[in-house]
Amino acid sequence: MLVSCSGGPTSGGPTSGGPTSDAPAPTAPRPDAARDAAVPGASSPASRASCLQAGVTAPPFRRWFQDETTRAGVAPGAIAPAPGALWRGVAAGDVDGDGDLDLVVASGHDASGRGATRWLANDGAMRFTVSDAALSAGQAVLLADFDNDGDLDLVVGDTAVVLHEGLGAGRFGAPVRLATLTRPALSLSAGDLDGDGRLDLAVGGEQELLVLANTGGLALRDASTRWSFALEPRGHVHSSMIFDIDEDGALDLFVNFDFDAIDAGEGPAPGAMGGDAAMLRRGERDGRPHFEDHARRLGLFGPRAGMGLSLGDLDGDGDLDLYLSNIGRNHLLLRGADGTFTESSDRFNLGFTWRADATCADPTNLRRCMKFSWMQQRADFDGDGHDDLAVASARFTQETQLPLFLQGDGRGGYQRIDPNLDCFSARTLIAADLDGDGDPDLVSTSVLGELLLLRNVTESAPRRCVRLRGVESNREGRGALITGVSASGRRLPKVMAPGGGVLGDGPASVCFGVGADPVVRYEVRWPSGRQQTAVAEDGTVTLQEPDSNTPNG
């Protein structure tokens, strides 16, 4: 359900006009009012007035999404959160094995003992049926294949972190407790951190970080007793990500900390406490995995109030960059030729992302002025061949903020656009093709736990997508580097399901927009080190990992 903002304007600030422009984007003509009125889910200008920033040129209109929540069968109240729950995650994956993407919606933190996590069966056309199965209560959820049997298992994180084995056809086994936290879990990420072909698990909480090693048979144990691994959390862990940052063939762990380091566009406020980041690079010591924090050396360390993470080539130079959502200014960290990262938000005109509304030019009241950005999704929403950004926004109260939608040009230029939606408060945000038409839709959960489904209505060409089936690597190929090579030779690197979500996560797939210079070939570097090439075609292809006797896939 979309709700109109209350009170004053709550926009994210001036528009971005490309890598070097500081001027607001020109006003684009509004669509015909009669047409808008005839579109189900479209918002009237009056209902959106408080979401548009007063005194700033309106951003260009782009009709990317329309609200399909009620039509999809998940109207308000259809999946009630636990009493008093404010944090509630959602995950997407093919739970019942019928080829489309289903949803798992967390109950939220349940002090009453009456809540239950539910999974929603998709009919393939974005209409959902709520399963009768009552799964463990909690506020963070993750779908991943931890036992490599082809069925997705479910992790639910709260003060207890539990795993339900996926039994196929939408059935889950009884919960198995994996760990206990002092406070409810905030993030869950899966990846093969020790290179044994099984998914391990990173669990983030309030001043807590647990890494659980998968020893087989769905047995996940505290990694600190098996690996040379130790990290004192420097804040709340709202997100983490597992990928090979130094391209040495071993997956590393990036941890995003949050502890009140508010950034009003010119660095953290005086006296801010020290949220930052850790980059745990994997090596080996005494014959077992050894992890050391290389965040400072790599340019990733810095005071932040870190929330969500996304990973991809954000400036079009062919390597992997990081975008960190934050309380206050979001951070764009670009990778250089030497492998280190540089904060580049202002260079690419993204410094405005700290402002909650137009009255915050002089941030005398940081708490009121800060825009709270949470989970984000990077995908080609408009089908032009360039990835865009959608960033969820919400405070800790019921107050709503306008989510941030940035249209990318493939060279690091991002322009804030008006998607013609009412503002809504959101923490978890998932991009997934829920209606099977080849473009990414959005799923979100609000502060009060309501589910929101936004259908992509751009009518653009189907994306070219890849799913993986590991043999020596983990079954889903999580952590694999997939590079799309375009007709002109552009190289577009992406990582399979690295994590980075707040309370939830999307499906294990990688997609490329088509546009004027479409991807024609995939190059895959599996977690096992094996390499593979394949022809890219419209739609989704599943690539199986080659064995040692199959050269080049």
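Here, the structure is the one placed above.
Notes on the structure in this doc start here. None of the values given here were measured: they were computed from a predicted structure.

**A look at the overall build of the protein**
Working step 1: Summing up its helical and strand segments, the protein has four helices and 35 strands in all.
Working step 2: The long-range share in the protein, meaning contacts at least 24 apart out of those at least 6 apart in sequence, stands at 58%.
Working step 3: Counting only carbon and sulfur atoms, one obtains 49% of the accessible surface of the protein, whose full area is about 19,400 Å².

**Digging into the sheet that holds strand β8 (residues 160-168)**
Working step 1: Strand order across the open sheet formed by four strands is β6-β7-β8-β9, with antiparallel pairing between neighbours. Bordering the open sheet on either side are β6 (140-144) and β9 (171-180), each of which pairs with just one other strand. Across the sheet, the mean angle separating the axes of adjacent strands is 20° when strand polarity is ignored.
Working step 2: Here strand β7 (residues 153-157) pairs with β8 via four bridges, running antiparallel. Each bridged residue has a counterpart across the sheet, and for Val 155 the counterpart in β8 is Leu 163.

**Concerning the state of the cysteines**
Working step 1: Taken as a whole and judged by the stated rule, the model has one disulfide.
Working step 2: Cys 465 shares a disulfide with Cys 511; S-S distance 2.1 Å. Between Cys 465 and Cys 511 the disulfide shows an S-S torsion of about 110°. By sign, it is right-handed. Taken together, the residues span a long stretch of sequence, with Cys 465 in strand β29 (residues 464-469) and Cys 511 in strand β32 (residues 510-512) at a distance of 46 residues.
Working step 3: We classify Cys 465 as buried; its relative accessible area is 7%.
Working step 4: In this structure Cys 511 comes out as partly exposed when scored by relative accessible area, which is 29%.

**Some details on the sheet that holds strand β18 (residues 306-312)**
Working step 1: Spatial strand order, β18-β19-β20-β21: four strands in an open sheet with antiparallel pairing. Of all strands in the sheet, those bounded by a partner on one side alone are β18 and β21 (341-343). In this sheet, adjacent strand axes meet at a mean angle of 20° when their direction is disregarded.
Working step 2: With five bridges joining them, β18 and strand β19 (residues 321-326) adopt antiparallel strand pairing. Following the sheet pairing, Leu 309 is matched in β19 by Leu 324.

**With respect to the pairing of strand β15 (residues 252-258)**
Working step 1: Burial runs high along β15: seven of the seven residues are buried.
Working step 2: Bridging between strand β14 (residues 236-243) and β15 involves seven bridges; their strand directions are antiparallel. Bridging across to β15, Phe 243 finds its partner in Asp 252.
Working step 3: Bridge count between β15 and strand β16 (residues 277-285): four bridges; the pairing is antiparallel. Across the sheet, the residue bridging to Asn 256 is Ala 277, located in β16.

**Quick word on the environment of Val 520**
Working step 1: As for its position among the elements, Val 520 is in strand β33 (residues 519-525).
Working step 2: Contact partners of Val 520, with chain neighbours within four places excluded, come to Arg 464, Val 485, Ser 486, Ala 487, Ala 534, Val 535 and Ala 536.

Conventions adopted
Residues numbered from 1 in each chain as written. Predicted model: local features only at pLDDT ≥ 70, side-chain atom pairs only at ≥ 80, totals over all residues. Heavy atoms only, no water. Helix = DSSP H or I, 4+ residues; strand = E, 2+ residues; numbered from the N terminus. Contact = heavy atoms within 4.5 Å. Areas by Shrake-Rupley, 256 points an atom, 1.4 Å probe, with all protein chains shown as cover. Pairing = 2+ DSSP bridges. Axes fitted to C-alpha atoms, helices over the stretch in contact; angles between N-to-C directions. Disulfide = S-S within 2.5 Å. Buried < 20%, exposed > 50% of the residue type's maximum accessible area, 1.4 Å probe, protein only.

All we've got here are geometric facts, nothing functional implied.
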